[in-house]
Amino acid sequence: MGELLTVADGRNVVLSVVAPCYNERAGIEEFHRRVTAACQQQQANYEIVLVNDGSTDGTREAIFSLAKRDQHVVGIDLARNYGHQIALTAGLEFCRGQRILILDADLQDPPELLGRMMAKMDEGYDVVYGQREEREGESWFKLATASLFYRILTKLSDVPIPANTGDFRLMSRRALDHLNAMPERYRFIRGMVSWIGLRQYALPYKREGRFAGETHYPLRKMVIFAIDAMTSFSVKPLRFASHLGLTFGLLGFALLLYTIFAWVAGRVLPGWTSLASIMLILGSIQLLVLGIFGEYLGRMYMETKRRPLFIVNEIASLAPDEIGQVQRRDAPHKAAAHG
Ligand code: UDP
Ligand code: MG
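Residues numbered from 1 in each chain as written. Chains lettered and ligands numbered in written order. Predicted model: local features only at pLDDT ≥ 70, side-chain atom pairs only at ≥ 80, totals over all residues. Heavy atoms only, no water.

Explain the coordination of the magnesium ion (ligand 2) to me, using residue names and the numbers behind them.
Around the magnesium ion (ligand 2), the protein contributes the donor atoms Asp 106 (OD) and Gln 108 (OE1), which lie 1.9 Å from the metal centre. On the accessibility criterion, Gln 108 (7% relative accessible area) is buried. (Donors = N, O, S within 2.8 Å, 3.2 Å for Na, K, Ca; no water. Buried < 20%, exposed > 50% of the residue type's maximum accessible area, 1.4 Å probe, protein only.)

Printed below as a string of structure tokens:
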């Protein structure tokens, strides 16, 4: 390939493309082909950072062989499966570009939009994020739950988190440095980017169906993802307890008045049904509220351990030494030192 600059000097990287990959073997070559085509149109030095998130289908070997063939590819092999958001975090930490494109490895986010995103950024935006107009190949169930999730999240959160967005976005280096400086373990990256602020632009696009393979977000993971997002961006659910307490306190008081009245009037009722239902309702609400407390407490516990967010097993690149010098998670203030 006739490159303009070599990638050996990371300071020359203008554009980084970062994609987390979990069992994406079947589509990774096509992904590489389309991303490469989009990057070459930009006539700038670029790198493609592919993070293998503990795949079991040979994705790692596929990435490493790309990294051997193409000097633009940096393969990062994590020590195990850490999940989508952490894998993405790893890639964002190792990438060196002045502008950073985040996209899924399954080609649901079209790399061909890069040109339009770059043009918007030239106008002075720090973040250009894709906003889905249409979603192909996704069940009505996923669409309905996603829409409900964003409605609740927007109500709870102090910063508006735009609906129908994924992690597909182009970011400036300064925005990314702010993101990389956030040390938290429970990462809801699209929300964290909203939290940063600066100038952000929503670019509408049509989300395609997966090129190959199937989603790694079954219902169970979607629920965990939603709980992570809500607890990361709001403590309002904790207040839920006091509100419920107040409501039921008032109801209880009214009931007490009624009981006294009934007793005075000599109308003592059998009353088992009402007692049983009150007990059941109060009992389940107490458990629910305890559960909410537990969610936050557990997260506080995990955060206080201050473990690194991920462990890298191996880096594959034609210039691995230089990438290895990138700062560690526990020293985020050094983020600006490279690039
Ligand atoms: N992914 C990952 N680790 C995981 C699950 C997913 O790195 O544990 C990657 C996956 O390879 C893809 C992106 O995260 O590039 C989004 O995952 P997926 O396409 O399964 O989610 P969906 O598009 O269905 O929401
Ligand atoms: Mg997908």
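Structure's up, so let's keep going.
Describe in detail the packing of aromatic side chains, supporting the description with residues and values.
Under the counting rule described, the total for this entry stands at seven aromatic pairs. Aromatic pair Phe 94 and Phe 310: ring centres 6.5 Å apart, planes at 55 degrees, arrangement tilted. Of the two residues, Phe 94 sits in helix α3 (residues 84-94) while Phe 310 sits in the loop between α10 (272-305) and β8 (312-316), which places them 216 residues apart along the sequence. You can call Phe 94 buried: its relative accessible area is 11%. For Phe 310, a relative accessible area of 10% translates into the label buried. Here Phe 168 and Tyr 205 contribute two aromatic rings whose centre-to-centre distance is 5.0 Å and whose plane-to-plane angle is 70 degrees, an arrangement assigned as edge-to-face. Highlighted residues: Phe 168 in strand β6 (residues 165-172) and Tyr 205 in strand β7 (residues 200-207), separated in sequence by 37 residues. Among the residues examined, Tyr 205 registers a relative accessible area of 2% and is labelled buried. Taken together, Phe 149, Tyr 150, Phe 188 and Phe 225 form an aromatic cluster joined through their ring pairs. (Phe/Tyr/Trp six-rings, centres within 6.5 Å; stacked < 30°, edge-to-face > 60°. Helix = DSSP H or I, 4+ residues; strand = E, 2+ residues; numbered from the N terminus.)

Break down the packing of helix α8 (residues 219-233) against α10 for me, citing the residues and quoting the values.
With their axes 11 Å apart at the nearest point, α8 and α10 run at an angle of 80 degrees to one another. When the axis of α8 is compared with that of α10, the two are roughly perpendicular. On α10, the residues touching Ile 227, Asp 228, Met 230 and Thr 231 of α8 are Glu 295, Tyr 296 and Arg 299. A per-class count over the contact of α8 with α10 returns three nonpolar, one polar and three charged. (Axes fitted to C-alpha atoms, helices over the stretch in contact; angles between N-to-C directions. Parallel < 35°, antiparallel > 145°, perpendicular 65-115°, else oblique. Contact = heavy atoms within 4.5 Å. Nonpolar A, V, L, I, M, F, W, Y, C, P; charged D, E, K, R; others polar.)

Quick rundown of the pattern of salt bridges? Include the residues and the values.
Tallied over the full model, the rule gives 14 salt bridges. In this structure, Glu 30 and Arg 33 form a salt bridge, with 3.0 Å as the shortest nitrogen-oxygen distance. You can see Glu 30 and its partner Arg 33 sitting in helix α1 (residues 25-40), three residues apart, about one turn around the helix. The partly exposed category is assigned to Glu 30, whose relative accessible area is 22%. Residue Asp 122 pairs with Arg 99 through a salt bridge whose shortest N-O separation is 2.9 Å. Taken together, the residues Asp 122 in helix α4 (residues 114-122) and Arg 99 in strand β4 (residues 99-102) connect sequence positions 23 residues apart. Residue classification places Arg 99 among the buried residues on the basis of a relative accessible area of 19%. Salt bridges here are not isolated pairs; linked through shared partners, they connect Arg 60, Glu 61, Asp 77 and Glu 314. (Salt bridge = Lys/Arg side-chain N within 4 Å of Asp/Glu carboxyl O.)

Tell me about the nonpolar core, and name the residues and values.
Among the nonpolar cores identified, the biggest contains 41 residues, and Leu 78, Leu 92, Phe 149, Met 171, Leu 179, Phe 188 and Phe 310 are the most heavily contacted of them. When residues in this core are grouped by element, the largest group, six residues, is from α3. Among residues more than four places away in sequence, those in contact with Met 171 are Gln 98, Arg 99, Ile 100, Ile 102, Met 121, Asp 126, Val 127, Leu 176, Leu 179 and Val 193. Of all hydrophobic cores here, the second largest spans 34 residues; its members include Val 17, Cys 21, Tyr 125 and Tyr 205. (Core = buried A, V, L, I, M, F, W, Y, C linked by side-chain atoms within 4.5 Å.)

Tell me about the packing of helix α5 (residues 140-156) against α8, and please be specific about residues and values.
A packed helix pair is summarised by two numbers, namely the angle formed by the two axes and the spacing between the axes. At their nearest, the axes of α5 and α8 sit 10 Å apart, and the two run at 10 degrees to each other. With respect to α8, the element α5 is oriented roughly parallel. When you trace α5 past α8, the crossing you get is right-handed. Facing α5, whose interface residues are Phe 141, Lys 142, Thr 145, Phe 149, Ile 152, Leu 153 and Leu 156, α8 presents Leu 219, Met 222, Ala 226, Ala 229, Met 230 and Phe 233. (Left-handed = near helix turned anticlockwise from the far one by under 90°.)

Lay out the site of ligand 1 with the relevant residues and their values.
Near ligand 1 lie 20 residues; those nearest to it are Glu 24, Asp 53, Asp 106, Thr 215 and His 216. In this structure, Glu 24 approaches ligand 1 through a side-chain N or O atom, which is 2.6 Å from an oxygen atom. Ala 105 is positioned such that a nitrogen or oxygen atom in its backbone is 2.9 Å from an oxygen atom of ligand 1. Protein chains shield 95% of the accessible area of ligand 1, which is 530 Å² for the free molecule. Taken together, the elements giving at least two residues each to the shell around ligand 1 come down to β1 (15-21) and α3. Residue composition of the shell around ligand 1, by class: six nonpolar, six polar and eight charged. (Near = heavy atom within 4 Å. Polar contact = N/O pair within 3.5 Å; in protein donor to acceptor, adjacent residues only side chain to side chain. Areas by Shrake-Rupley, 256 points an atom, 1.4 Å probe, with all protein chains shown as cover.)

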